[in-house]
Amino acid sequence: MSTYHVHVVDAERASRDGLARYFEAHGLTVTTMESAADLLRRMHRQRPDVVVMDAALPGQSGLQACRQLRGEGDRVPLILLTERNEEIDRVLALEMGAGDVLGKPCPMRELLARVQALLRRANVAPGQPMLAMAPVDIGALRFDIASRSLLRDGRIHVLSTVEYAVLAELVANPGVAVSRERLLAASHGRSDGLLPRAIDVAVMRLRKRVEPDPAQPRFLQTIRGHGYMFVPAMVGAERQRSRRSTPAGAFASPSMNSV
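Residues numbered from 1 in each chain as written. Predicted model: local features only at pLDDT ≥ 70, side-chain atom pairs only at ≥ 80, totals over all residues. Heavy atoms only, no water.

1. Points about the overall build of the protein
Condition: Strands here are runs of E lasting at least two residues and helices are runs of H or I lasting at least four, both read from the DSSP assignment and numbered beginning at the N terminus. The buried label goes to any residue with under 20% of its type's maximum accessible area, the exposed label to any with over 50%, and the partly exposed label to all in between, with areas taken from a 1.4 Å probe on protein chains only. In what follows, residue pairs with any heavy atoms lying within 4.5 Å of each other are defined as contacts. Under the convention used here, a 1.4 Å probe and the Shrake-Rupley method define accessible areas, while residue burial counts only the protein chains that appear.
The helix and strand inventory of the protein stands at 10 helices and 12 strands. Classification of the 259 residues of the protein by burial places 42% in the buried group. Pairs at least 24 residues apart make up 57% of the contacts formed inside the protein by residues separated by at least 6 positions. Working note: accessible area of the protein is about 13,800 Å², and carbon and sulfur atoms make up 53% of it.

This is the structure we're talking about:
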């Protein structure tokens, strides 16, 4: 039976080891690390269900790491622990994207309750991507996240687990370039030994389902050397109109146009 996986990030060994022992005693799987750089490097190789991180890590702080993850579109549930127990610090952490903030040191029992509350709020199964979204239109299709299916003209096509996870991760981050490694982690949980090529195959299958012309993808676009991006229909239409409305040879600079 799969269990929830927690990444504990704290520069103090005694602190992170103590948290690890407590979480493991309550049925969680734990990976500990001592820096934000280590967390960011390992996020997509060993995908956690929740992150518990010290806000004041040396080097790149936990707060900066949180902001970077959210800037990349990663919605992993995250709790920041801070020794500065002032309201402005808590507000800043929440504004940066933390799901919860606790003063440090904090009662282990309360921290465990906060972790469990975040997981319930995310409504995520162990090892699966965090998703709570309304249906999304992809051209003439509708992607229903709740039923893991594509709907068209009253007909339902249920996606495979991998297809669903890849499409859900892309659709949840419109206009954001999502790496193959991140898609691999989202679609295969914590499986080892898989190559990013598996994502290329999944995207190829998805394009056959959602693209009017799979050879010229409109919604699931390749970001060379990185991964893929979901481009909503309205964004694509705006780009097409912009290209049609710009006269050939027109200059972008207002000062040049005014000459």
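2. Observations regarding the environment of P48
With respect to the helices, strands and loops of the structure, P48 is situated in the loop between α2 (36–42) and β3 (50–54). Taking the C-alpha atoms as reference, P48 lies 7.6 Å from V76; in sequence the two are 28 residues apart. Excluding anything up to four places from it in sequence, P48 contacts H5, H7, M43 and V76.

3. Brief notes about the sheet that holds strand β12 (residues 227–230)
For clarity, the threshold we go by: In this description, strands pair whenever DSSP reports at least two bridges between them. Note on geometry: axes are C-alpha line fits, over the in-contact stretch for helices, and angles between N-to-C directions span 0 to 180 degrees.
Strand order across the open sheet formed by three strands is β10-β12-β11, with antiparallel pairing between neighbours. Either end of the sheet is taken by a strand with one partner, and the two such strands are β10 (178–179) and β11 (220–223). As defined by bridge partners, β11 adjoins β12 across four bridges and the pair is classed as antiparallel. Counted as the bridge partner of T222 is Y228 from β12. The sheet contacts of helix α6 (residues 161–171) involve β10, β11 and β12, and relative to β12 the element is tilted by about 65 degrees.

Interpretation in functional terms is not warranted from these geometric data alone.
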